[in-house]
Amino acid sequence: MAKKTHFLFFLTLLLCLHTGFAMTLEQLSSHLKPQMLLAGHFEQSKFLKDFPKPLKTQGEFIFWAHHGIIWSTQKPFASKLILTVNRLQNITPHQQQSISVQNNPHLTLLNQLFIDLLQGDFEQLKKSFDISLDGSLQSWTLTLVPRDQVLQGMLRQVNISGRQHINYLVFKTATEDRTEILLKDQYSPKQFPQELLQ
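Keep in mind that what you see is a predicted model, and the values were worked out from it rather than measured.

## Describing the sheet that holds strand β11 (residues 178-187)
Here is step 1 of the chain: The eleven strands lie next to each other as β6-β5-β4-β3-β2-β1-β11-β10-β9-β8-β7, forming an open sheet whose pairing is antiparallel. Whereas interior strands pair on both sides, the edge strands pair on one side only; in this sheet they are β6 (96-100) and β7 (129-136). Ignoring which end each strand starts from, the neighbouring axes of this sheet average 15° apart.
Here is step 2 of the chain: Sheet analysis places β7 next to strand β8 (residues 139-146), joined by eight bridges and oriented antiparallel. In the sheet register, I131 faces β8, and the bridge partner there is L144.

What follows is the structure in structure tokens.
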């Protein structure tokens with residue numbers, strides 16, 4: 001009787017552990033999508049194959065789902081990158097450059113990739129990537145491997161991890177460079193960024 005009780009306890013424990021850690025992309029998407037307006041700080045490190053030290057930047061970001069992201073670098077130099085599905089705008093104290101993505105399929109895919117990642121649109125991402133998911137809603141990791149030939153020419157793999165929000169992204173390129181982005185101190189701002197509507 002005692003052995004049977006111990007077995008049932010062990011089986012129940014395994015089922016609880018499985019339930020706690022098993023997760024689907026649909027569940028993760030629902031977990032992330034309520035954050036339709038999100039802001040915070042970022043720290044970015046770009047590791048280039050022929051450079052011994054990474055290029056580091058830091059600043060603030062604000063993301064508006066289905067609209068885009070504003071990437072405001074504060075160090076080492078001030079600049080602002082406005083990224084939407086339709087355009088890429090780079091603003092510095094000395095100049096302003098705007099690029100339309102209509103005739104640039106590479107830029108279109110990269111812009112859409114970043115927006116889809118932040119808003120948890122995995123149905124869209126599955127069209128171009130093989131996706132594997134590990135962990136639970138409390139601590140999860142995604143690995144994306146591109147199937148799209150255009151993306152394969154730019155990216156080898158994307159790794160994303162987080163908890164309540166996306167906290168860490170790693171973009172590995174086909175040329176063996178990589179970019180690591182830490183997102184922290186995230187919060188829901190009260191005002192929508194009008195620059196993403198222009």
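Having seen it, we continue.
## Here's the deal with helix α2 (residues 25-32)
Here is step 1 of the chain: Looking only at α2, the buried set comprises L25, L28, S29 and L32. Burial along α2 is one-sided: seen end-on, the buried residues are contained in an arc of 100°.
Here is step 2 of the chain: Here the buried face of α2 lies against α4 (122-125), β7, β8 and β10 (166-173).

## Focus on the pairing of β6
Here is step 1 of the chain: Pairing analysis gives five bridges linking strand β5 (residues 87-91) to β6, with the strands arranged antiparallel. Counted as the bridge partner of N90 is Q97 from β6.
Here is step 2 of the chain: If you look at the hairpin formed by β5 and β6, you'll find four residues sitting between the two strands.

Parameters and conventions
Residue numbers restart at each chain and count upward from 1, following the sequence in its written direction. Residue-level local features of this predicted model are given only where pLDDT is at least 70; pairs of side-chain atoms are given and counted only at 80 or more, and the full residue set underlies all totals for whole chains, interfaces and linings. Side-chain calculation: all heavy atoms of the structure are included, whereas hydrogens and water are not. The rule for pairing is simple: two strands pair if DSSP sees at least two bridges between them. Numbering of helices and strands runs from the N terminus; a helix is a DSSP stretch of H or I covering at least four residues, while a strand is a stretch of E covering at least two. Throughout, an axis means a line fitted to C-alpha atoms (over the contacting stretch in the case of helices), and angles, computed between N-to-C directions, take values from 0 to 180 degrees. Classification of residues uses two cut-offs on accessible area relative to the type maximum, computed with a 1.4 Å probe and protein chains only: under 20% is buried, over 50% is exposed, and between them is partly exposed. Starting at the helix axis, one direction is taken to each C-beta atom, and the arc is that of these directions. We call two residues in contact whenever any of their non-hydrogen atoms come within 4.5 Å of each other.

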